[in-house]
Every structure is written in C-alpha cells, then in structure tokens.
Amino acid sequence: VPRLRLNLEETYADIQRLRYKLELIGGIDPEIMKEYEETKVRFEFLDGQICDLQKAIRSTQKIVSELDEQIEKQSRKVFLEINKKFQHYFKILFGGGSCELVKVSPSVVLVSPSVVLSKAKNHDDTLETAQSEGVDILATPPGKRMKALNLLSGGERALTSIALLSAIMDVNPSPFVMLDEVDAALDESNTIRFATILDELSHKSQFIIVTHNRATMEKADVLYGVTMGDDGISNLLSVHLEDIAQNGTARR
C-alpha cells in the first residue's frame, strides 16, 4: 500500500495562508445565515415568477401566431367574396364591363395588360408603382380600357364606389343601413339600376334612405315625408305602398 508523503514545510505554509484569510474574513455573524435564507427564498420566488412569465410569453406568441394565420385566411376568403360581388354589382350599374380589387404593397407595380404591351414597345413608358400598402380598384366600363379609380370620370367613380359598397354590404350585411342622397348625382337609368341593387340587398338589411328620386321611392315599402298645405302648416305622412295596391290608399 503506497504511503502518503507530506511536505511538512509546504503544508505548514498552506495552513498559515488559510488562517490569514480567515482573519481577513473575520467572524461569522449569525444574522448572515438568516439573511442568506431570506435571500434564497426570494430568489427562488422571483425565479419561479420569471419562468411563469416566459411560459406566458411563449403561450401568447403562439396565440398571436394562430390568430394571424386565422385572420389572414378569413380576410383572403372575404376579399375574394367581395371581389366577386363587386364585379356582379359593377356589371349591373354599368350594364357590362369588368372590375377587380387588387391588393398592393410598396414593392408591387400595378400594370394593366395594355400597359404591359406598350412597355414592350417603348421602354420609356413609366409604370405606376404603389406607394403604400392597401387595395387598388381597377375598373373597365363598357367600351373603355382598364383604369385605376382615379383615372375614371366623376360619374364613373361614383358608380364604382356604389358597386363596391354594395358588395361589402352583401358579404357582411348590417342590421340596417342609412343612405343620405346617394342617388342625387345619378341620372334616371342609373337610378333604376341602383334601386334594383337596393331591392336585392333589402333581403339582408333594412335600408333607411333619404332621397327625392322617384325610381328609388318605387322600390321602398314605406314612404315617410313632409307636405305643406295651403295654410302653410307642415304635416308628416307615411305611405305603405303595399296597401296602395290592395286598398287604393295608404295615407296616414
């Protein structure tokens, strides 16, 4: 069995060094142990809180990711439905033509087929670049080329806007909708088409319309108005159009 050989001089030097360090440290205060235990308990408590917060952060990030995915899926579905209905109502108002909603971003360049052909022939042509993210409206009234909304005439922009609003109300109907002189700028033929759309949408929403247009009034179920007699006194009246057809009068 090998015997442990100690160097007494080196061992004695180590003992003296350790004694010197103990003297520097000084005596042990009983309160130090108590403070250590309290600090340890608080550390374990805070460490547990940090772990809970980290779990909550990971759980929240997962929920946010799932919601983003669901929102993207639903928005894409609704966007396609609105685009389809937009084309439907656009053709009703214009008696033909075509239109399209296009999602744009700062890196997307918006061009129509005719612009692409002209670009191939003339490299000096400039293309329209989207400056912000959103939705662009491309419309082609009968007999015209596809254009952005800001390139259409005032009347065409009004009809295109009505078609888009009608599409949104069709896909996501509200309990009731109030329209104030929306048909004021429309001629008689366009007003009849607009009234046809209102009649179609009235099965999903109740419409309250402020109008002076006869074609729009003909599609209403109830008319409310103000009339003034020879005595200069204003009177409120309501007319149920269905009762007129049955009884010949509906004034109240």
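Residues numbered from 1 in each chain as written. Predicted model: local features only at pLDDT ≥ 70, side-chain atom pairs only at ≥ 80, totals over all residues. Heavy atoms only, no water.

**Student:** I would appreciate a short explanation of the pairing of strand β7 (residues 206-210) in the present structure.
**Tutor:** Strand direction decides the pairing type here: strand β6 (residues 176-180) and β7, joined by five bridges, are parallel. Considered in β7, the bridge of Met-178 is made with Ile-208. A crossover connection joins β6 to the parallel β7 through helix α5 (residues 188-201); in handedness this β-α-β unit is right-handed. (Pairing = 2+ DSSP bridges. Helix = DSSP H or I, 4+ residues; strand = E, 2+ residues; numbered from the N terminus. Right-handed = clockwise from strand over helix to strand, strands pointing away.)

**Student:** Would you mind going over the environment of His-212 with me for this structure?
**Tutor:** Mapping His-212 onto the fold places it in the loop between β7 and α6 (214-218). In this structure His-212 comes out as exposed when scored by relative accessible area, which is 69%. When the C-alpha positions of His-212 and Ala-184 are compared, they lie 7.8 Å apart, and in sequence the two are 28 residues distant. Polar side-chain contacts of His-212 include one of 2.8 Å to the side chain of Glu-181. (Buried < 20%, exposed > 50% of the residue type's maximum accessible area, 1.4 Å probe, protein only. Polar contact = N/O pair within 3.5 Å; in protein donor to acceptor, adjacent residues only side chain to side chain.)

**Student:** Hey, could you run me through the nonpolar core in this one?
**Tutor:** Generally speaking, a soluble globular protein has its nonpolar side chains buried in company with each other. Membership of the largest hydrophobic core comes to 26 residues, with the highest contact counts inside it found for Phe-86, Leu-93, Leu-101, Phe-194 and Phe-207. Put simply, the parts of the chain that give this core at least two residues each are α2 (30-94), β1 (98-104), β4 (134-140), α4 (154-171), β6 and α5. Tallying contributions element by element places α2 first for this core, with seven residues. Here Leu-101 is in contact with Phe-79, Ile-82, Asn-83, Phe-86, Val-135, Asp-136, Ile-137 and Leu-164, once residues within four sequence places are set aside. (Core = buried A, V, L, I, M, F, W, Y, C linked by side-chain atoms within 4.5 Å. Contact = heavy atoms within 4.5 Å.)

**Student:** Sorry, what's going on with α4 here?
**Tutor:** Residue pairs three or four apart in sequence face the same way in an α-helix, which turns once every 3.6 residues. The first and last C-alpha atoms of α4 sit 26 Å apart over 18 residues, in line with the 26 Å expected at 1.5 Å per residue. Considered for burial, the residues of α4 that qualify are Glu-156, Leu-159, Thr-160, Ile-162, Ala-163, Leu-164, Ser-166, Ala-167, Met-169 and Asp-170. Where α4 is buried, its residues meet α2, β1, β4, β6, α5 and β7. (Expected span 1.5 Å × (residues − 1).)

**Student:** Any chance you could explain the packing of α2 against α4 here in plain terms?
**Tutor:** Each packed pair of helices is defined by two parameters, the angle between the axes and the distance between the axes. Running from N to C, α2 and α4 cross one another at 135 degrees; their axes reach a closest spacing of 8 Å. One finds that α2 runs oblique with respect to α4. By crossing handedness, the relation of α2 to α4 is classed as right-handed. Two secondary-structure elements touch here, α2 through Val-78, Glu-81, Ile-82, Lys-85, Phe-86, Tyr-89, Phe-90, Leu-93 and Phe-94 and α4 through Glu-156, Leu-159, Thr-160, Ile-162, Ala-163, Leu-164, Ser-166, Ala-167, Ile-168, Asp-170 and Val-171. Of the residues assigned to the contact of α2 with α4, the class counts are 14 nonpolar, two polar and four charged. (Axes fitted to C-alpha atoms, helices over the stretch in contact; angles between N-to-C directions. Parallel < 35°, antiparallel > 145°, perpendicular 65-115°, else oblique. Left-handed = near helix turned anticlockwise from the far one by under 90°. Nonpolar A, V, L, I, M, F, W, Y, C, P; charged D, E, K, R; others polar.)

**Student:** I would appreciate a short explanation of a negative patch on the surface in the present structure.
**Tutor:** There is a patch of like negative charges on the surface, built from Asp-29, Glu-31, Glu-35 and Glu-38. Tracing the sequence through the fold places Glu-31 in helix α2. (Patch = residues over 30% accessible without salt bridge, like charges linked within 9 Å, V, L, I, M, F, W, Y side chains within 5 Å. Areas by Shrake-Rupley, 256 points an atom, 1.4 Å probe, with all protein chains shown as cover. Salt bridge = Lys/Arg side-chain N within 4 Å of Asp/Glu carboxyl O. Lys, Arg positive; Asp, Glu negative; His and termini not counted. Charge placed at Lys NZ, Arg CZ, Asp CG, Glu CD.)

**Student:** Even after reading the chapter, I still don't get the confidence of the model for the chain, so can you show me in this structure?
**Tutor:** Detailed reading of the predicted model is not advised wherever pLDDT is low. The share of residues in the chain with pLDDT of 70 or more is 81%, and the mean pLDDT across the chain is 79. Model confidence for the chain, summarised as mean pLDDT per element, is weakest for helix α3 (residues 113-121) at 42 and strongest for α2 at 91. The low-confidence segment residues 112-130 (pLDDT under 50) makes 19 contacts with residues lying over four places distant or belonging to another chain. (pLDDT = per-residue confidence, 0-100.)

**Student:** What am I meant to see in the packing of aromatic side chains here?
**Tutor:** Think of a pair of aromatic rings as described by two things: how far the centres are apart, and how the planes are tilted against each other in angle. For the coordinates displayed, the defined rule picks out two aromatic pairs. For the ring pair Phe-86 and Phe-90, a centre distance of 6.2 Å and an interplane angle of 70 degrees mean the geometry is edge-to-face. A residue pair is termed a helical-turn pair when its members lie 3 or 4 positions apart in one helix, as Phe-86 and Phe-90 do in helix α2 at four residues. Like Phe-90, Phe-86 is buried. Aromatic rings pair up to connect Phe-86, Phe-90 and Phe-94 into one cluster. (Phe/Tyr/Trp six-rings, centres within 6.5 Å; stacked < 30°, edge-to-face > 60°.)

**Student:** So what exactly am I meant to see when it comes to unusual backbone geometry here?
**Tutor:** A negative phi angle is the norm for most residues apart from glycine, just as the trans form is the norm for most peptide bonds. If you check the backbone angles, Glu-181 has positive phi at about 55 degrees while not being a glycine. Note that Glu-181 resides in the loop between β6 and α5.

**Student:** Could you clarify how one ought to interpret the pattern of salt bridges in this entry?
**Tutor:** Should the charged atoms of two oppositely charged side chains come close, the side chains can pair. For the coordinates displayed, the defined rule picks out five salt bridges. One salt bridge connects Lys-204 with Asp-170, and the closest N-O pair in it is separated by 2.3 Å. Of this pair, Lys-204 sits in the loop between α5 and β7 while Asp-170 is found in helix α4, placing the two residues 34 residues apart along the sequence. Residue classification places Lys-204 among the partly exposed positions, given a relative accessible area of 46%. Residue Asp-170 is classed as buried on the basis of its relative accessible area, which comes to 5%. Overlapping salt bridges bring together Lys-85, Asp-170 and Lys-204 as one network.

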